[in-house]
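Below, each chain spelled out in residue letters.
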Amino acid sequence: MRKLIVIVYAFAYICSSIYSQTAAETGKFKGLVTDKNGKALEYVSVTVQDLALNTSTDEKGNFAFRNVTPGDHLLTFKRSGYESISLTVSISDKDTTYNIILNESLIETGVIDVTSSFNATDISKSTFSITELSSRNLTKSRSQTLAETIQNIPGISNVSTGSGIGKPVIRGLTSQSVLIVHDGVKHESQSWGDEHGPELSLFDLERIEILRGPASLIYGAEGIGGVVNVITKPLEFSSKSKPVLYGDAVAGGFSVDKQLFGNLTLGIGLKNLGLKGHFGYRKTDNLKTPDGIFVVNTIDGERSIIGGELFNSGSNEVEGGATLGFNGKFGTLNLGFETFARELQIHEDPLEDPEATPNQKINTDQFSLDGNFNLSGKLKLEPVLSYQSQARKEFESIEDKQSGIEALHLELKTLDGSLKLHHELSKNITGTFGGTFNYQKNETLADEKLIPNYNAGIMGVFLLEKYSMKFFTFSAGARFDSKKLNIEETVFEVDSSGNPVKTLNPQSLTFNAFTGSFGAVYSPNSFINIYSNIGRGWRSPSEFELFVDGVHEGTVRYDKGLKILDSLAEPKPEESLNLDLGVRLNYKNLSIQLSVYRNVVDNFIYPAPTSDTIEGFQVYNIKQDKSTFYGYEYSIQFQPAKWMVISANGDYVNTENNATGNPLPFTPPMKNLLEIKFQKSSLGKFLNPYIKFTAKFVSGQDKTDPLESKTDGYTLLNAGIGFDLAFAKSVASVDLSFDNLADTKYVDHLSRYKNYAMNPGRSINLQVSVPFKL
């Protein structure tokens with residue numbers, strides 16, 4: 001920790017020196033946004049993506065930025081009910097003015113990609129399969145967990161433990177094969193555990209980007225399946241002599257678990273200084289499932305489960321954060337802090353113990369320091385430094401929690417950093433060169449020792465170049481990473497006298513990997529892009545996968561790791577080779593996105609169920625085999641009238657363990673969604689009033705591992721109604737939604753409760769967001 005403090009102080013001192021020497025005001029960048037008839041558009045969000053600077057248009061359609069770093073920048077313009085656009089502008093020391101025209105449209109598509117490259121890129125030049133969930137859509141679909149919020153996006157699924165825990169699945173891969181990135185920093189949450197979900201706030205977000213396919217070139221180890229990039233709303237700075245005061249108040253609730261939540265964000269922006277903070281709270285009671293009896297499949301045969309309230313399934317969370325930012329001719333510098341505390345109850349199988357009250361308590365803190373410095377018109381330096389601390393405690397009962405008797409206690413500290421040099425070699429060639437480091441230390445403090453005490457370090461270097469032509473864009477890069485894992489002596493089990501009977505001795509393991517990516521985009525005209533990408537990803541076996549040897553109460557099974565099964569084994573890192581081919585079409589009132597892929601993973605690591613039991617728990621052996629994933633995703637939006645849009649999207653994934661020929665456990669079933677939305681630009685004082693109806697069709701999953709239960713298909717009907725309202729120079733929103741309208745009885749294949757509890761029943765949800773600017 002002392003080293004971190006020294007690094008932060010030194011870095012801050014250097015950056016403040018740069019700031020004091022270069023903060024002289026440069027030319028103003030300003031513009032006017034109108035519709036096609038010349039009418040000024042208010043409330044348009046304007047963002048300088050590479051610098052994370054944001055403002056909005058006033059009642060005359062004007063916007064302005066001061067002290068923007070000279071050079072080329074990618075801007076985005078967004079307003080609900082209008083087509084979002086991106087624009088690359090060249091800013092100098094002189095005042096620059098642009099006139100922007102937005103066309104009315106109910107079709108919603110992302111316009112930039114910041115996840116698959118080191119620089120923000122126009123989506124038409126991206127060689128990856130990318131989907132964006134915008135800020136406005138987040139207020140409509142925000143759920144309790146990140147995975148549930150994005151689960152209806154093509155290619156995405158959710159491994160759920162009730163409504164309180166969710167793990168994103170991308171193209172059949174999850175846990176450490178899916179990276180969660182928060183504002184450019186890898187989110188560490190002990191993701192090897194099935195009931196260990198991402199622990200981060202879903203408030204004050206600009207958008208969520210999902211990259212499908214390997215991302216090791218950009219992010220190093222892990223990310224074989226893809227990346228979920230959570231992006232916070234940027235700071236605002238004043239373009240006038242007086243400061244700008246802004247914020248957002250959010251409140252709402254869900255009836256299915258009597259959930260109540262709220263968040264308050266407050267910010268102030270001066271010419272060169274910005275400060276913003278937020279505080280949120282969420283509380284849920286027991287989850288309600290449809291009443292009645294429902295028959296499910298288990299590996300032992302059919303079982304009748306009874307609906308109603310799930311005992312011991314509530315949760316509460318407290319979250320907050322703050323960001324301090326500087327903006328000037330030198331570039332930008334931001335210092336951030338986030339904290340997230342959750343207490344979760346885990347519903348147990350009522351046949352095992354109907355009064356069981358296992359629970360978790362998780363605290364996650366993150367400090368970050370990042371900058372974007374303009375070295376010249378052709379060079380930019382981007383350093384990022386972060387420190388994360390997570391304490392995870394699991395208790396077998398409420399009484400144990402009250403008495404401080406921990407079944408599992410993990411303390412994980414992570415120091416992560418990167419240094420990127422963005423360069424422009426010519427008008428058509430741009431790229432990034434740099435390096436990363438990551439250091440982790442874990443302490444296992446309670447009686448249950450699922451993973452050993454360890455420390456690990458990873459170093460990586462990379463190079464990525466892009467070449468743009470009139471009709472083609474090419475992208476190529478390479479990366480080398482090396483990880484050294486040092487296992488410390490860990491006592492896994494003691495006898496009644498406290499003497500060690502199972503001890504893991506110190507040892508070291510090293511994993512090295514070369515990864516790379518090559519992609520191309522063909523754009524014969526402005527409305528169609530055909531892209532392809534071939535990429536190689538990697539991840540090393542986790543400490544859990546290597547050394548676990550015991551019962552994990554959260555997963556109700558006995559796990560045995562690779563090195564426990566064979567102490568002489570030399571586990572290898574997973575290495576994937578993925579091929580993507582896709583098309584993006586945006587023409588007038590039609591938008592189509594289609595992608596197909598094939599991902600072959602050598603040394604794929606997975607828990608394999610066995611027929612053995614220990615202490616009454618089924619034994620799962622951690623294994624490695626070659627596995628294959630292939631499938632498709634699609635998204636279609638058609639606007640037949642000014643006031644109506646019809647949408648359809650879906651996905652399919654097939655998995656195979658090449659050693660056995662069997663499907664892999666927890667393979668998502670095929671899903672398809674059909675939605676019709678009616679929306680007007682205004683109705684009296686209401687802006688963008690809408691009503692929508694959605695049907696979700698999920699197929700049964702009978703392609704399962706022999707020791708995994710099959711599930712039947714189901715159909716869910718959902719609806720929503722809402723509107724926007726001008727308030728305090730901003731746009732407030734009210735959204736009322738109805739999930740599972742028919743109160744359908746079903747179990748999802750990726751639910752960890754599927755053998756003894758149904759998925760949630762009907763829910764009426766209300767979300768109100770009131771942003772303001774003074």
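Residues numbered from 1 in each chain as written. Predicted model: local features only at pLDDT ≥ 70, side-chain atom pairs only at ≥ 80, totals over all residues. Heavy atoms only, no water.

A. Representation of the overall build of the chain in the model. A count of helical and extended segments in the chain gives seven helices and 46 strands. Its C-alpha atoms give the chain principal-axis dimensions of roughly 75 × 55 × 50 Å. Expressed as a percentage of the 774 residues in the chain, the buried residues total 58%. For the chain, long-range pairs separated by at least 24 residues make up 65% of all intrachain contacts whose partners lie at least 6 apart in sequence. Of the roughly 31,400 Å² of accessible surface on the chain, a fraction of 57% belongs to carbon and sulfur atoms. Distance between charge centroids for the chain: 10 Å, based on 75 positive and 89 negative side chains. (Helix = DSSP H or I, 4+ residues; strand = E, 2+ residues; numbered from the N terminus. Buried < 20%, exposed > 50% of the residue type's maximum accessible area, 1.4 Å probe, protein only. Contact = heavy atoms within 4.5 Å. Areas by Shrake-Rupley, 256 points an atom, 1.4 Å probe, with all protein chains shown as cover. Lys, Arg positive; Asp, Glu negative; His and termini not counted. Charge placed at Lys NZ, Arg CZ, Asp CG, Glu CD.)

B. Geometry of the nonpolar core. Counting 25 residues, the largest nonpolar core has Tyr-454, Leu-485 and Ile-487 as the members making the most contacts within it. Counting 21 residues, the second largest nonpolar core, distinct from the first, contains Phe-29, Leu-53, Val-89 and Leu-102. (Core = buried A, V, L, I, M, F, W, Y, C linked by side-chain atoms within 4.5 Å.)

C. Quick peek at the pattern of salt bridges. Following the criterion strictly, the structure yields 32 salt bridges and no others. The residue Glu-132 makes a salt bridge to Lys-78 at a minimum N-O spacing of 3.1 Å. Residue Glu-132 is found in strand β10 (residues 129-134), and its partner Lys-78 is found in strand β5 (residues 71-78); the two are separated by 54 residues along the sequence. For the pair Glu-132 and Lys-78, a shared accessibility class is recorded, and that class is buried. Notably, a salt bridge pairs Lys-754 with Glu-708, separated by 3.7 Å at the nearest N-O pair. Of this pair, Lys-754 sits in the loop between β45 (730-739) and β46 (763-773) while Glu-708 sits in the loop between β43 (686-698) and β44 (714-727), placing them 46 residues apart in sequence. Neither Lys-754 nor Glu-708 differs from the other in exposure class; each is buried. Linked through salt bridges whose partners overlap, the residues forming this network are Lys-78, Glu-132, Arg-207 and Glu-209. (Salt bridge = Lys/Arg side-chain N within 4 Å of Asp/Glu carboxyl O.)

D. Spotlight on unusual backbone geometry. Residue Asn-688 is not a glycine yet carries a positive backbone phi of 50°. Relative to the assigned elements, Asn-688 resides in strand β43. Located in the positive-phi region is Ala-728, a residue other than glycine, with phi close to 50°. Here Ala-728 lies in the loop between β44 and β45. Residue Ala-728 is classed as partly exposed on the basis of its relative accessible area, which comes to 30%.

E. The arrangement of the sheet that holds strand β1 (residues 29-34) in detail. Taking strand neighbours across the sheet as the criterion, the three strands line up as β4-β1-β7 in an open arrangement whose pairing is mixed. At either margin of the open sheet sits one strand with a lone partner, and together these are β4 (62-65) and β7 (96-101). Direction aside, neighbouring strands of the sheet carry axes that sit 20° apart on average. The pairing of β1 with β7 spans six bridges and is parallel. By the bridge assignment, Lys-30 is partnered in β7 with Thr-97. (Pairing = 2+ DSSP bridges. Axes fitted to C-alpha atoms, helices over the stretch in contact; angles between N-to-C directions.)

F. Expanded view of the pairing of strand β31 (residues 490-494). Pairing of β31 with strand β32 (residues 500-504), which is carried by four bridges, proceeds in the antiparallel orientation. In the sheet register, Val-494 faces β32, and the bridge partner there is Pro-500. Linking two consecutive strands that pair antiparallel, namely β31 and β32, is a turn of five residues; a positive phi of about 90° is found at Gly-498 within it.

G. Broad picture of the packing of aromatic side chains. Going through the model one piece at a time under the given rule, you end up with 17 aromatic pairs. Taking 6.1 Å as the distance between ring centres and 20° as the angle between the ring planes, the aromatic pair formed by Trp-643 and Phe-678 counts as stacked. Of this pair, Trp-643 sits in the loop between β39 (617-641) and β40 (644-657) while Phe-678 sits in strand β41 (residues 671-679), placing them 35 residues apart in sequence. Its relative accessible area of 46% is what places Trp-643 among the partly exposed residues. Given the relative accessible area of 28%, Phe-678 is considered partly exposed. Members of the aromatic cluster, each reached through a chain of ring pairs, are Phe-63, Phe-65 and Phe-77. Here the guanidinium or amino end of Arg-282 rests over the ring plane of Phe-261, the centre of that ring lying 5.1 Å away. Above the ring of Phe-666, the side-chain terminus of Lys-754 is found at 5.2 Å from the ring centroid. (Phe/Tyr/Trp six-rings, centres within 6.5 Å; stacked < 30°, edge-to-face > 60°. Lys NZ or Arg CZ within 6 Å of the ring centre and 35° of its normal.)

H. Examining a nonpolar patch on the surface more closely. A contiguous nonpolar surface patch, about 670 Å² in accessible area, is contributed by Tyr-467, Met-469, Phe-471, Phe-472, Tyr-522, Ile-530, Leu-581 and Val-596. Given the relative accessible area of 33%, Phe-472 is considered partly exposed. (Patch = residues over 30% accessible without salt bridge, like charges linked within 9 Å, V, L, I, M, F, W, Y side chains within 5 Å.)

I. Focus on the side chain of Ser-627. One can find Ser-627 in strand β39. Its relative accessible area of 0% is what places Ser-627 among the buried residues. Residue contacts for Ser-627: discarding those within four places in its chain leaves Asn-599, Val-600, Val-601, Phe-604, Glu-656, Asn-657, Asn-658 and Leu-664.

J. Molecular detail of the environment of Pro-243. With respect to the helices and strands, the residue Pro-243 is situated in the loop between β17 (235-236) and β18 (244-254). Given a relative accessible area of 36%, Pro-243 falls into the partly exposed group. Between the C-alpha atom of Pro-243 and that of Thr-76, which follows or precedes it by 167 residues, the distance is 23 Å. Residues contacting Pro-243, with those up to four places away along its chain left out, are Ser-238, Ile-268, Gly-269, Leu-270 and Leu-774.

K. Structural context of the environment of Lys-588. Looking at the element boundaries, Lys-588 is found in the loop between β37 (574-587) and β38 (590-614). For Lys-588, a relative accessible area of 71% puts it in the exposed group.

L. How the structure looks around the pairing of strand β22 (residues 301-306). Across six bridges, strand β21 (residues 293-298) lies against β22 in antiparallel orientation. Each residue of the ladder has a partner; that of Ile-293, found in β22, is Ile-306. Between β21 and β22, which follow one another and run antiparallel, lie two residues.

M. Representation of the confidence of the model for the chain within the structure. When pLDDT is averaged across the chain, the result is 89; 96% of the residues are at 70 or more. Averaged pLDDT values for the elements of the chain fall to 48 in helix α1 (residues 2-22) and rise to 97 in β41. Across residues 18-24 the pLDDT falls below 50, and counting only partners more than four positions away or on other chains, this stretch makes 10 contacts in the model. (pLDDT = per-residue confidence, 0-100.)

N. Highlighting the sheet that holds β10. Taken in spatial order, the five strands line up as β10-β15-β16-β13-β14 in an open sheet, and their pairing is mixed. Of all strands in the sheet, those with a lone pairing partner are β10 and β14 (185-186), marking the two edges.

O. Layout of the environment of Ser-135. Within the element layout of this structure, Ser-135 appears in helix α2 (residues 135-141). When the C-alpha atoms of Ser-135 and Ile-231 are compared, they prove to be 9.7 Å apart, with 96 residues separating the residues in sequence. In this view, Ser-135 contacts Leu-205, Glu-206, Arg-207 and Lys-233; residues no more than four positions away in its chain are not counted.

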